[in-house]
Amino acid sequence: MLNSLSSYSIAAFLLLGMSLGSCSSDAPSESDASLEDEMEVSETQSSMDDIPEDNGFIIPSAFHLSSLFQKSGLAFSDGLVNSPENVNQYGTRMSKLLNFGVYSADLFYCVLNDQNQSSRKYLKAMKQLSEEAGMGEIFNTKTILENFEANIDNQDSVLKYVLQIQEQTDDYIEKTNEEHTAMVIFTGAWIEGMYVSLESYSTGQNEELGKRIVEQTYMLDNIIKGLELHPGDPEELQNLATELKELHKSVSASEDYPKDQYEFHEHTLRPEEIMSFKNALSSIRTKLTKNQAE
Amino acid sequence: MQLKSILSTSGLLAIVFILGTSLSGGKKEAGVNDACKRSESIQAVKKEMVPYRYERTTTTNVTFKNYDQVKEVAIPLFFDTKYKFVVNCEGLPVDVKVEVYDQPMGMRKNPVKIMESSEKQFTFELDEEYLKNRVYINYIVPALEDTEDEVIQKGCIVLASGYKNV
């Protein structure tokens, strides 16, 4: 009985061994397939004749945008920023990521204007959102927060620690291949930076600030594409992309809007056109920060 | 006695299984040789950024194929700002050529090639005289012939950007 069982077993194992061998040589295994998938996701490679324009677009840092606005005369006004107390309103991962970006713009705005007590509140709100969005690693280094608290009266140190957080965010995103997440965060920061600048522009119509605002509208095309390419097509992002498309369409319809997309244009639009842009952007920003987009 | 027989049968089965697998031409699982040294490259590019304000690094992953590839990164620029870029290709198994243009690939009309280099690390700067709002960096990745052991060759290029707007 045992002998007969053994012969059947030998035949079965031999068959199994051969079939496994042939599987690995003829058809891609599951692990091969996942390896290929990983490559496609992690890269933006294309052959020589198949390169879309925005392949590998490098997102500027939110801090760079904030410092450009400040250099152009953006003054501080406490009531413009999104209150850190709204932090518990954001329920979905996308709204958490978008508002992580919003708060990062507010944080830089405060830091650049020596509002260090407010900066601390924004830092805490960002920490909470990063943890809730599954990116707690960014603030895992306790020393950043502790050092920030300990040096809150030293402007250079505060700036250093805040930039360290931006660096940790970039690092986390690169390590986890979440470049699409970076675009969501940047979108939040861009909307908030533009909102604050447009509100400030509306009070004094500073021409330099107007030029900077118009310049930033050239980013809209890349932001929209980035949101549309987000894996899984989250409804919130698709809706936001649609609204931003409308915004882009309205601003670029102006006769004064630069038509050559590659040239620098230090031109501003007419004040009434900027104010119309401001109203449209404010409505998008309100939905985002009051969590009406979910 | 019966246990001994079971054990010897099991041993035999194991040998037959291994033989069966190898005789049927089983492929070795594809290996990957990844030359990327991201942390070291990041340290190197940051060091080179002085006296500009370091903004961020971007890593482009490369998987070599048996055909040429071009990877393009587009960088937005803002007026009244000086920029410095450091490209580090030390995390690649073979050299690549890097070309910098004022227009994107596939849409170029009288493009200006700002520079090209095949060095492991190089730097370039753009000042206010560069009147474009984007700069395009092309990594020309050469083909690598498939090897018998089918090891996939990978690596990465680290790009750091910095600015001065004081």
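Model, not experiment: these values are computed from the prediction.

Student: Got a sec to walk through the overall build of chain B? Specific residues and values, please.
Tutor: Scanning chain B from N- to C-terminus turns up two helices and nine strands. Going from N to C terminus, chain B has its helices and strands arranged as α-β-α-β-β-β-β-β-β-β-β. In chain B, of all internal contacts separated by at least 6 residues, the share reaching a separation of at least 24 is 84%.

Student: Could you give me a rundown of the overall build of chain A, with the residues and numbers involved?
Tutor: Counting its secondary structure elements, chain A contains twelve helices and zero strands. Ordering the α and β elements of chain A from the N terminus gives α-α-α-α-α-α-α-α-α-α-α-α. A buried classification covers 38% of the 294 residues belonging to chain A.

Student: Pulling in residues and values, what's your account of the packing of helix α4 (residues 93–112) of chain A against helix α5 (residues 116–132) of chain A?
Tutor: Residue and element names in this part refer to chain A. In the contact formed by α4 and α5, the axes pass within 9 Å of each other and the chain directions differ by 160 degrees. When the interaxial angle is binned, α4 and α5 end up roughly antiparallel. Crossing angle aside, the handedness with which α4 passes α5 is left-handed. Residues Lys96, Asn99, Phe100, Tyr103, Ser104, Asp106, Leu107, Cys110 and Val111 of α4 form the contact with α5, whose participating residues are Ser118, Ser119, Tyr122, Leu123, Ala125, Met126, Leu129, Ser130 and Glu132. Split into classes, the residues belonging to the contact of α4 with α5 amount to ten nonpolar, five polar and three charged.

Student: Give a description of the nonpolar core that names residues and reports values.
Tutor: In terms of nonpolar packing, the biggest core is built from 102 residues, with Leu107 of chain A together with Ile157 of chain B touching the most fellow members. Aside from chain neighbours lying at most four places away, what touches leucine 107 of chain A is Ser119, Tyr122, Leu123, Met126 and Val162 of chain A.

Student: So what about the pairing of strand β8 (residues 134–141) of chain B? Which residues, and what values?
Tutor: Residue and element names in this part refer to chain B. Of all eight residues in β8, seven are buried; the element is thus mostly enclosed. Here strand β3 (residues 69–76) pairs with β8 via eight bridges, running antiparallel. Considered in β8, the bridge of valine 73 is made with isoleucine 137. Of the pairings in the sheet, the one linking strand β5 (residues 97–101) to β8 comprises five bridges and is antiparallel in character. When the bridges of β8 are listed, glutamate 99 appears paired with asparagine 138.

Student: Can you tell me about α4 of chain A, naming the residues and giving the values?
Tutor: Residue and element names in this part refer to chain A. Counted at 1.5 Å a residue, the expected span for α4 with its 20 residues is 28 Å, and the 28 Å between its end C-alpha atoms agrees. Counting buried positions along α4 yields 19 of 20 residues, so the element is predominantly enclosed. Among the residues trailing α4, aspartate 114 stands out with phi positive, at a value near 60 degrees.

Student: Mind laying out the pairing of β5 of chain B, listing which residues take part and the relevant values?
Tutor: A regular strand carries its side chains on alternate faces of the sheet. Relative to strand β6 (residues 113–117) of chain B, β5 of chain B runs antiparallel, the two sharing four bridges. Residue valine 98 of chain B lies in a different strand from β6 of chain B, and its bridge partner there is serine 117 of chain B.

Student: Lay out helix α10 (residues 220–228) of chain A with the relevant residues and their values.
Tutor: All names here are of chain A. Within the span of α10, buried status applies to Asn222, Ile223, Gly226 and Leu227. Down the axis, α10 shows its buried residues gathered within 130 degrees of arc, on one side only. Of the surrounding elements, those touching the buried residues of α10 are α8 (179–204) and α11 (235–252).

Student: Go over unusual backbone geometry with me, naming the residues and quoting the values.
Tutor: Comment: phi is negative for the bulk of residues other than glycine, and the bulk of peptide bonds are trans. Each neighbour pair has its own omega, and for valine 50 of chain B with proline 51 of chain B the value is 10 degrees, a cis peptide bond. Secondary-structure assignment places proline 51 of chain B in the loop between α2 (38–48) and β2 (53–63). Although it is not a glycine, asparagine 177 of chain A sits at a positive phi angle of roughly 55 degrees. Examined against the element boundaries, asparagine 177 of chain A turns out to sit in the loop between α7 (155–175) and α8. The exposure class of asparagine 177 of chain A is partly exposed, given the 14 C-beta atoms found within 10 Å. Of note, aspartate 80 of chain B is a non-glycine position whose phi angle comes to about 65 degrees, a positive value. Within the secondary structure layout, aspartate 80 of chain B lies in the loop between β3 and β4 (82–88).

Student: Residue-level account of the sheet that holds β6 of chain B, with values.
Tutor: Residue and element names in this part refer to chain B. Read from one edge of the open sheet, four strands run β3-β8-β5-β6, paired in antiparallel fashion. Among the strands making up the open sheet, the edge pair consists of β3 and β6. Sheet twist, expressed as the average angle between the axes of neighbouring strands with direction ignored, equals 15 degrees.

Student: Residues and numbers for the confidence of the model for chain A, please.
Tutor: All names here are of chain A. For chain A, per-residue confidence averages 81 on the pLDDT scale, and residues scoring 70 or more make up 79% of the total. Per-element confidence in chain A is highest for α4, whose mean pLDDT is 96, and lowest for helix α2 (residues 30–42), whose mean pLDDT is 35. Here residues 1–54 scores under 50 on pLDDT; set against residues more than four positions off or in separate chains, the count is 64 contacts.

Student: Pulling in residues and values, what's your account of the packing of helix α3 (residues 62–71) of chain A against α8 of chain A?
Tutor: Residues and elements named next belong to chain A. Where α3 meets α8, the closest approach of the two axes is 10 Å, and the angle between their N-to-C directions is 10 degrees. With respect to their mutual orientation, α3 and α8 come out roughly parallel. Residues Ala62, Leu65, Ser66 and Phe69 of α3 form the contact with α8, whose own contacting residues are Phe186, Ala189, Trp190, Gly193 and Ser197. When grouped by side-chain class, the residues that make up the contact of α3 with α8 number six nonpolar, three polar and no charged.

Student: Hey, could you go over the environment of glutamine 70 of chain A for me, with residue numbers and the actual values?
Tutor: Among the structural elements, glutamine 70 of chain A can be located in helix α3. Considered as a pair, glutamine 70 of chain A and asparagine 113 of chain A are 43 residues apart in the sequence and their alpha carbons are 8.7 Å apart.

Student: So, the environment of glycine 56 of chain A: which residues are in play, and what are the values?
Tutor: In this fold, glycine 56 of chain A is placed in the loop between α2 and α3. Along the primary structure glycine 56 of chain A and phenylalanine 148 of chain A are separated by 92 residues, whereas in three dimensions their C-alpha atoms are 34 Å apart.

Calculation criteria
Residues numbered from 1 in each chain as written. Chains lettered and ligands numbered in written order. Predicted model: local features only at pLDDT ≥ 70, side-chain atom pairs only at ≥ 80, totals over all residues. Helix = DSSP H or I, 4+ residues; strand = E, 2+ residues; numbered from the N terminus. Contact = placed C-beta atoms within 7 Å. Buried ≥ 20, exposed ≤ 12 C-beta atoms within 10 Å, placed from the backbone. Axes fitted to C-alpha atoms, helices over the stretch in contact; angles between N-to-C directions. Parallel < 35°, antiparallel > 145°, perpendicular 65-115°, else oblique. Left-handed = near helix turned anticlockwise from the far one by under 90°. Nonpolar A, V, L, I, M, F, W, Y, C, P; charged D, E, K, R; others polar. Core = buried A, V, L, I, M, F, W, Y, C linked by C-beta atoms within 7 Å. Pairing = 2+ DSSP bridges. Expected span 1.5 Å × (residues − 1). Arc of directions from axis to C-beta. pLDDT = per-residue confidence, 0-100.

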